[in-house]
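# Coordinate inspection notes
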Amino acid sequence: SFDLLCRHIAQVDNYRSPDFDADGAFRDNCLNLLQVLEAGRHNPKFAVILTGTVFEPDEGDGTRPLIAFSPYGTSKGMTSVAFRTACDTLGMKLAKFVVPNPFGPYEEPRFCDYLMRCWTAGDTAEVRTPAYVRDNIHVTLLAAAYADLVARVDTLPRWSRLGPSQYVETQGDFAHRFAREIGRRLGLRCALDLTVQTEFPEPRSRFNTDRLNHARLGWDETKAWDELA
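Residues numbered from 1 in each chain as written. Predicted model: local features only at pLDDT ≥ 70, side-chain atom pairs only at ≥ 80, totals over all residues. Heavy atoms only, no water.

## As for the side chain of Ser-80
Relative to the helices and strands, Ser-80 resides in helix α3 (residues 71-90). Within the structure, Ser-80 has its side chain in polar contact with the side chain of Lys-96 (distance 3.0 Å). Those residues within four positions of Ser-80 in sequence are excluded, and the remaining contacts are Leu-50, Glu-56 and Lys-96. (Helix = DSSP H or I, 4+ residues; strand = E, 2+ residues; numbered from the N terminus. Polar contact = N/O pair within 3.5 Å; in protein donor to acceptor, adjacent residues only side chain to side chain. Contact = heavy atoms within 4.5 Å.)

This is the structure in C-alpha cells:
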C-alpha cells in the first residue's frame, strides 16, 4: 500500500579505491529489484526516487566526455540504468536525485573535516587539489531539495532528474570560502596553503546544473553556516 520508494542506499565500501568491485556493487544495489518494485505495481500512485551521484557517467556538466570518476561511479551508473529499465518495464514513475559534494554537520572525515582539524590545532591546511572544479552544497540545502522532490513527485513526468547545485568553483576557492565563513564565526586563524596542482587523475571539472530557489525551499544560507560552525 506504500506510495513511494526512496532508494538511497548503495554499496560504498572502499568506494575511493581503484580496486572497488563495480560488478559486485551493481549486483548488491539491484538485488531483488523487480520483486521489490512488484510490491507497488498495482498502486497507480507508486513512484521511485533513486539517489545518484555526479560521479556517474553522463551526469552533470564539466570536462567532456562525462566519464565515471571511478569504478564506484561506474557501479552507480549501471544501477541507474537498471532502475530506469525496470521502472519503464513495469510502467512506474522514476525520479533521480543526483548528489554532488555535500558538506555540513555530521560529515564523514573528508575535506572539510581535515580543514577543521588543522585550524583548531593552529596549523595551516594544505589544499593539494585546488584546481579541481567541484559542486559543494550545504547538506541542509540538499535535504530541503530532496524533501521538496518527495512532496511534488505526483506532479512529475514518468522520468525526471534533479541535480541540485550550489557552489560551483575550484576547490581552492571553496577552501577560501570555508575559511572566511568559519574563521569569522569561531575566531580561528584559518590559514591555507594551496599547492600547484599538476596531476588530474579525476575529471578536472564536474558539477550539477539545477540551481535551487532558496526562498521557496525555506532555506537560509547564513543560518546554515552558523549551524555548521
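## Quick look at the sheet that holds strand β4 (residues 93-99)
Taken in spatial order, the four strands make up an open sheet running β1-β2-β4-β8, and their pairing is parallel. Each having just a single partner strand, β1 (4-7) and β8 (159-162) make up the two edges of the open sheet. When strand polarity is set aside, the average angle formed by the axes of neighbouring strands in this sheet is 15°. Relative to β4, strand β2 (residues 47-53) is paired through seven bridges, and the arrangement is parallel. Residue pairing for β4: Leu-50 is matched across the bridge by Lys-96. With respect to the sheet, helix α5 (residues 139-151) is in contact with β1, β2, β4 and β8, its orientation differing from that of β4 by roughly 175°. (Pairing = 2+ DSSP bridges. Axes fitted to C-alpha atoms, helices over the stretch in contact; angles between N-to-C directions.)

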